[in-house]
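Residue-level structural notes
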Amino acid sequence: MSIKINRNIVLTNPETKSFLADAYYKKSEDKLPLVILVHGYKGFKDWGAWHYLAEAFAEAGFYFVKFNFSHNGTTLDDTSNFADLEAFGHNNYSKEMSDLTFVIDYFSKLPEVDASKIALIGHSRGNGNVVIQASEDHRIKALVDFAGISDYAWRFPPKEMLPEIKKAGVLYIENKRTKQQMPHYFQFFEDFKANEERFTIENAVKKLSLPYLIIHGSADETVNLGEAELLHQWAKNSELLVIENGDHGFGSFEPWSEKQMPKDLKFVTEKTIEFLKDKL
């Protein structure tokens with residue numbers, strides 16, 4: 001039976017704005033476990049080889065969803081470029097958490113989905129989103145971390161720079177791939193500070209009792225392997241899988257023109273499917 005793919009579903013979160021999601025699944029008489037992929041910083045649903053990962057999950061009997069955060073810089077008309085830098089600059093963790101909750105609410109109510117079996121996968125910064133969500137949302141039954149971060153605050157500029165950034169109102173970070181100057185308005189830092197206890201990833205991880213698979217490459221130059229080891233140490237019920245010589249995208253990058261997943265991502269996908277079939 002062929003996979004059914006619904007691309008660019010428009011979701012309208014009244015707390016943020018409209019954004020897009022893709023769903024991959026096989027038609028079945030039985031309801032399917034729901035797996036949602038959460039992208040990271042400067043990420044998006046159509047990045048790299050994610051579509052091949054989505055197909056693999058659908059083939060394995062899951063209802064798989066990937067989506068763009070409403071303020072990740074993509075638009076409803078342009079899903080793979082940062083065409084809306086103003087939205088990117090106004091992003092913050094509160095908006096991302098609102099979007100993630102909205103996605104879970106929307107897809108868990110569909111007739112094809114078994115709402116008692118929901119898992120989240122977070123890539124890079126997305127790991128923060130999924131562990132916070134799981135610490136607050138009892139519908140989540142399993143988590144998987146793809147090269148995830150262990151702390152948001154470590155990514156901020158040094159404290160002595162914040163007064164200068166506040167005065168300017170914005171901090172620009174160059175996107176090494178696109179060479180765009182990506183704005184971060186000062187509200188981003190204010191939002192974190194106002195919700196620091198909630199947005200401290202260590203706090204969220206220590207509340208978890210659900211199964212948590214942590215996968216990290218030993219050669220990850222974006223997020224150090226030591227962060228995976230910290231997450232594993234904090235979590236009550238975690239497994240750590242280290243991909244020897246694996247990088248931040250497990251061999252995948254943007255743009256991806258190959259007709260299959262890279263070797264490391266294929267292995268990671270197989271291990272994740274195996275884990276979720278066992279735990280859901």
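Described in the following lines is the structure provided in the data block. None of these values were measured; they are calculated from a predicted model.

Points about the overall build of the chain
Along the backbone of the chain there are nine helices and ten strands. The C-alpha radius of gyration computed for the chain amounts to 18 Å, which stays within 12% of the reference 19 Å derived for 280 residues, consistent with globular compactness. Taken along its principal axes, the extent of the C-alpha atoms in the chain is 60 × 40 × 35 Å. The proportion of buried residues among the 280 residues of the chain is 55%. Nonlocal contacts in the chain, meaning residues at least 24 apart in sequence, comprise 73% of its contacts between residues at least 6 apart. Working note: accessible area of the chain is about 12700 Å², and carbon and sulfur atoms make up 50% of it. Of note, the chain has its 33 positive side-chain charges centred 2 Å away from the centre of its 41 negative side-chain charges.

Some words on the pairing of strand β5 (residues 113–123)
Two faces make up the sheet, and in a regular strand the side chains alternate between them. Along β5, eight of the eleven residues are buried, which leaves the element largely enclosed by surrounding structure. Where strand β3 (residues 32–38) and β5 come together, seven bridges link them in parallel fashion. Each bridged residue has a counterpart across the sheet, and for Ile36 the counterpart in β5 is Leu120. The pairing of β5 with strand β6 (residues 140–146) spans six bridges and is parallel. Bridge assignment links Ala119 to a residue of β6, and that residue is Ala142. For the handedness criterion, the β-α-β arrangement of β5, helix α4 (residues 126–136) and β6 is classed as right-handed.

The rules behind the values
- Residues numbered from 1 in each chain as written.
- Predicted model: local features only at pLDDT ≥ 70, side-chain atom pairs only at ≥ 80, totals over all residues.
- Heavy atoms only, no water.
- Helix = DSSP H or I, 4+ residues; strand = E, 2+ residues; numbered from the N terminus.
- Rg over C-alpha atoms; globule rule 2.2 N^0.38 Å.
- Buried < 20%, exposed > 50% of the residue type's maximum accessible area, 1.4 Å probe, protein only.
- Contact = heavy atoms within 4.5 Å.
- Areas by Shrake-Rupley, 256 points an atom, 1.4 Å probe, with all protein chains shown as cover.
- Lys, Arg positive; Asp, Glu negative; His and termini not counted.
- Charge placed at Lys NZ, Arg CZ, Asp CG, Glu CD.
- Pairing = 2+ DSSP bridges.
- Right-handed = clockwise from strand over helix to strand, strands pointing away.

Any link to function would need more than the numbers given here.
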